[in-house]
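Listed below, chain by chain, are the residues.
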Amino acid sequence: MRTLAKVGAEAFTDCRLRKAYLEEEDGWTEIPFPSEYGYLMNRLLASFGKNGHRYDYGEYDKNLLNGGWNLEKLHLAISRLKQGRHLKKEMEDSIRARILTDMEEILKLIQDHSDGESLQALSDLHFFTEENTDQAIALFNQEGSGELLPILLNVKQGQRRKPFDFSL
């Protein structure tokens, strides 16, 4: 099998790429791309071969910190945090802080699309505290999101588990 050693900066201009897989020294990196926004797609695709890297994540990560949320952008942020390859600690902290700051907006987005997968992913990435879990349960209960509530109730149950204290 042959692999690509270098990708030119203009290689994918005006392409509607959904995912790219880059072979790294320690495995494969999956890079999901937005499909709905052509202008953004072209900016992100221009990062191939930029600054001496197969893919320079600077523009990609900056996009996650700017503008409002839509479902696709949420999926990109979750994927970036889950994979974490080439993600600097400061950028990870910034993305996490942005998600936590906008948690109510994100939960409404998840609710509007009945996106249990994203809700579970946020849980797996430890975004839920006792406080925001209670707020999310109240929001989903108020809006009648019965299919999403079990995910949050499982999160809440996990938060209640504390080791038994044998001291008197």
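Source: prediction; values computed, not measured.

So, about helix α5 (residues 103–112). Inspection of α5 places M103, I106, L107, L109, I110 and Q111 among the buried residues, and these make up the whole buried set. Here the buried face of α5 lies against α3 (71–83), α4 (89–101), α6 (116–124) and α7 (130–142). Looking at the residues trailing α5, positive phi occurs at S114, about 45 degrees.

Let us look at the side chain of S123. Structurally, S123 can be placed in helix α6. When its relative accessible area of 17% is taken as the criterion, S123 is described as buried. Residues contacting S123, with those up to four places away along its chain left out, are F128 and V155.

Let us look at the pattern of salt bridges. In total, this model carries 10 salt bridges according to the counting rule given. The salt bridge involving E104 is made with K108; its shortest N-O contact spans 3.4 Å. On the criterion of helical spacing, the pair formed by E104 and K108 is a turn pair, its members being four residues apart in helix α5. A relative accessible area of 53% places E104 in the exposed class. Close ionic contact of K156 with D134 constitutes a salt bridge, the shortest N to O distance being 2.7 Å. Taken together, the positions of K156 in helix α8 (residues 149–160) and D134 in helix α7 put the pair 22 residues apart, joining distant regions of the chain. Exposure remark for K156: the relative accessible area of 11% places this residue in the buried category. For D134, a relative accessible area of 39% corresponds to the partly exposed category. Connected through shared salt-bridge partners, R43, E59 and K62 make up one network.

The N-to-C vectors of α6 and α8 enclose an angle of 10 degrees; their axes lie 9 Å apart at closest approach. Taken together, α6 and α8 sit at an angle that is classed as roughly parallel. Classified by chirality, the crossing of α8 by α6 is right-handed. Only I151, L152 and V155 of α8 make contact with α6, whose side of the interface consists of G116, L119, Q120 and S123. Class assignment for the residues of the contact of α6 with α8 results in four nonpolar, three polar and no charged.

Cut-offs used in this document
Residues numbered from 1 in each chain as written. Predicted model: local features only at pLDDT ≥ 70, side-chain atom pairs only at ≥ 80, totals over all residues. Heavy atoms only, no water. Buried < 20%, exposed > 50% of the residue type's maximum accessible area, 1.4 Å probe, protein only. Helix = DSSP H or I, 4+ residues; strand = E, 2+ residues; numbered from the N terminus. Contact = heavy atoms within 4.5 Å. Salt bridge = Lys/Arg side-chain N within 4 Å of Asp/Glu carboxyl O. Axes fitted to C-alpha atoms, helices over the stretch in contact; angles between N-to-C directions. Parallel < 35°, antiparallel > 145°, perpendicular 65-115°, else oblique. Left-handed = near helix turned anticlockwise from the far one by under 90°. Nonpolar A, V, L, I, M, F, W, Y, C, P; charged D, E, K, R; others polar.

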